[in-house]
Amino acid sequence: MGQITATLGKTIREFLRQKTILFWTIAWPILWVLIGSFSFAGNASDEVIPYIRGSIAISMSVFALMTAGIANLPGNIAQDRERGLLSKLMSMPINPWKDFVGRILALLAFSFLAAILVTLVGYACGARFSYTLTGLWQSIGFLLLISLSSAGIGMLIGTFIKHVHGAIMSGVGIAVVTAALSGVMAPYSSLPWLLQQFAKIYPISSGNSSITYLLVGEDYAGYNPLSTSQTTLMITSSVLLFIAGLIVYSRFCWRKD
Amino acid sequence: MDIISVEDLTKKYGDNEVLKKVNLKIEEGEFYALMGPNGSGKTTLASIMASVRSPTSGKIEIYGRRPEKAKELIGYIPQENFSSPILTGKENLMYFAGLLGYSRNKAERIVDELLDKVGLSEDVNKKVSVYSGGMRKRLEVATALFPGIKVLILDEPTTGLDPSARRKFLGLIEELRREKTTILLITHIGADAELASRVGLIDEGEIIAEDEPERLKKTSGLKNVINIETTIKSEKVVNVLSNFSEKEKVLETDVGYRVFCKDVEKATPKIVRSLDAIGCKATKIETEKPSLEDVFFKLTERMVREVS
């Protein structure tokens, strides 16, 4: 066993055994898939309803990824610091980078598990998708970028908010509010102009629109998020958020004084 | 052979000097207790040794190496309960075995041995959240007993443990001592420090005395201590008792006071009468040998422990 495997195993177990984490990352998005699938279709025709449900399932999968990165990761970091585990680790002959990689791999595994469960529930509720194999792979790439940007935000929160509950609740708050404002939890077309601009800049909502565009269609995404400039912005901002989180985490969480 | 060597170690946080040119040497296989009140700098010193913090100036060597180059030799147990409550005892230790790079099979074997050694082999598959405070501390000590670790640094390990858990925990430390593990115990509890082969008393960032526990008590000049439990605790009572105590020093305890007397037999009835005169009853009076906490009080006029 290496350090990465050990950290991965420990973090995944902790994610899977904490009720708060399971609720916000899996139960809450599934609840919204159930509510959304049967309440928000409005007067749409029978042909359109399965795709509306598809876009809701995608949005809630993205929300699951968001809460995993923005709330669960900082909660996990804050918890390890609060109970002295980071001090213990600093006294051991281990590499902080490997600890970090283990945590991120655990986050990705847990996030994708949550996203798959949410999508399956959506499918069971009648969600349908229209996609190509290339589109499916591209969507997985966007999911990965969403996870990276969420992890970046999560590491920033986990580094600066010292208390476990403070870190988790700040993360949940940021995830819920930004999801609502950026069109993850509401159709892009219903947002005012200013929030539509935010939705295009915020990598998570931009990624959500890209996946919806690829798996359901442009009508459900509200705009074309796959233009070169938009995709470049999404990729760059996701990577930058992740790097910023990584630098802050390694500098301040593992700092000696 | 000195395996821990601290020379003129200073640690500052801004203008606050937490450690002031501390010098300390610990021999291989020695059980050394560093005893002092909260804020005396003992935890800072331990965390510098464990390379969790860095010193402002001075030199520190463990087996001739700087602490960050000797991490594989150090088993550090911080004050907090760092084990994960939602993992089982075995899962916690397997995590640490993985961090240290053991293969799965080897890790399984070593972890089982360690759990047996700390008396938790019956509870390996229970979540740590159902462990008692003492069991959890013993599990955490096991993380510092992996092969190759030669120095155990324990920061306030018995704080918060009930008397029975504390006894069991100290029994484990005694066992490790017999196996010649080098132990540095950070504590503010005199009775824990008395188990050590050598004790350093630290106050305001300086080691003010250092010797074997019995010799420390002998050289302090303290003869006997009267331990009095009283119906009331007040300044008036302290004033009365200070008339009978050496250099008028009276140590407050949870339930009463400790008075340092040269002639206990003569002083005791007088104390009872004097307390009666101010309306205070002595509910229990015992004569005891001085403790390390008394020695600390004599040297600093401060208590090691806050009175609750």
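Residues numbered from 1 in each chain as written. Chains lettered and ligands numbered in written order. Predicted model: local features only at pLDDT ≥ 70, side-chain atom pairs only at ≥ 80, totals over all residues.

1. Observations concerning the interface of chain A and chain B
Phase 1 of the analysis: Taken together, the 22 residues of chain A in the interface contact 26 residues of chain B.
Phase 2 of the analysis: Broken down by secondary-structure element, the contributors of at least two residues to the side of chain A that touches chain B are α1 (3-17) and α4 (85-90) of chain A.
Phase 3 of the analysis: Sort the elements by how many residues they give to the side of chain A that touches chain B and α1(A) lands first, with seven residues.
Phase 4 of the analysis: In terms of residue class, the side of chain A that touches chain B is built from seven nonpolar, seven polar and eight charged. (Contact = placed C-beta atoms within 7 Å. Helix = DSSP H or I, 4+ residues; strand = E, 2+ residues; numbered from the N terminus. Nonpolar A, V, L, I, M, F, W, Y, C, P; charged D, E, K, R; others polar.)

2. Some remarks on the domain arrangement of chain B
Phase 1 of the analysis: Here chain B is partitioned into domain 1 (2-217) and domain 2 (223-289).
Phase 2 of the analysis: One C-alpha centre belongs to domain 1 of chain B, the other to domain 2 of chain B, and the line joining them spans 37 Å. (Domains from an automatic or database assignment.)

3. Some thoughts on unusual backbone geometry
Residues and elements named next belong to chain B.
Phase 1 of the analysis: Residue Asp 8 is not a glycine yet carries a positive backbone phi of 45 degrees.
Phase 2 of the analysis: Here Asp 8 is to be found in strand β1 (residues 2-13).
Phase 3 of the analysis: For Lys 180, which is not glycine, the phi dihedral falls at a positive 70 degrees.
Phase 4 of the analysis: Tracing the chain through its elements places Lys 180 in the loop between α5 (163-178) and β7 (182-187).

4. A look at the sheet that holds β1(B)
All names here are of chain B.
Phase 1 of the analysis: With antiparallel pairing, the three strands of this open sheet are ordered in space as β2-β1-β4. Both outer strands of the open sheet, β2 (16-27) and β4 (57-62), are each paired with one neighbouring strand and no more. Pairs of neighbouring strands in the sheet enclose a mean axial angle of 15 degrees, with direction left out of account.
Phase 2 of the analysis: Taken together, the five bridges between β1 and β4 define a ladder with antiparallel strand orientation. Bridge pairing links Val 6 to Ile 60 in β4. (Pairing = 2+ DSSP bridges. Axes fitted to C-alpha atoms, helices over the stretch in contact; angles between N-to-C directions.)

5. Considering the sheet that holds strand β9 (residues 206-211) of chain B
Residues and elements named next belong to chain B.
Phase 1 of the analysis: Judged by pairing direction, the sheet is mixed, and its six strands sit side by side in the order β5-β6-β7-β3-β8-β9 without closing on themselves. Edge positions in the sheet fall to β5 (74-77) and β9, since each of these pairs with one other strand and no more. Averaged over all adjacent pairs, the angle separating strand axes in this sheet is 15 degrees, with direction ignored.
Phase 2 of the analysis: Relative to β7, strand β3 (residues 31-35) runs parallel, the two sharing five bridges. Looking at β7, one finds that Phe 31 is bridged to Ile 183.
Phase 3 of the analysis: Here helix α10 (residues 292-300) sits on the sheet in contact with β3, β8 (198-203) and β9, set at roughly 40 degrees to β8.

6. Regarding the pairing of strand β10 (residues 224-230) of chain B
All names here are of chain B.
Phase 1 of the analysis: As paired elements, β10 and strand β12 (residues 256-261) share six bridges and run antiparallel to each other. When the bridges of β12 are listed, Glu 229 appears paired with Gly 256.
Phase 2 of the analysis: Relative to strand β13 (residues 282-288), β10 runs antiparallel, the two being bridged by six bridges. In the strand pairing of β13, Val 225 is matched with Glu 288.

7. Let's talk about the environment of Leu105(A)
Residue and element names in this part refer to chain A.
Phase 1 of the analysis: Looking at where Leu 105 falls in the secondary structure, it is placed in helix α5 (residues 96-124).
Phase 2 of the analysis: Look at Leu 105 and you get partly exposed, because 16 C-beta atoms sit within 10 Å.
Phase 3 of the analysis: Each C-alpha atom of the pair Leu 105 and Asp 80 lies 17 Å from the other, and the pair is 25 residues apart in sequence. (Buried ≥ 20, exposed ≤ 12 C-beta atoms within 10 Å, placed from the backbone.)

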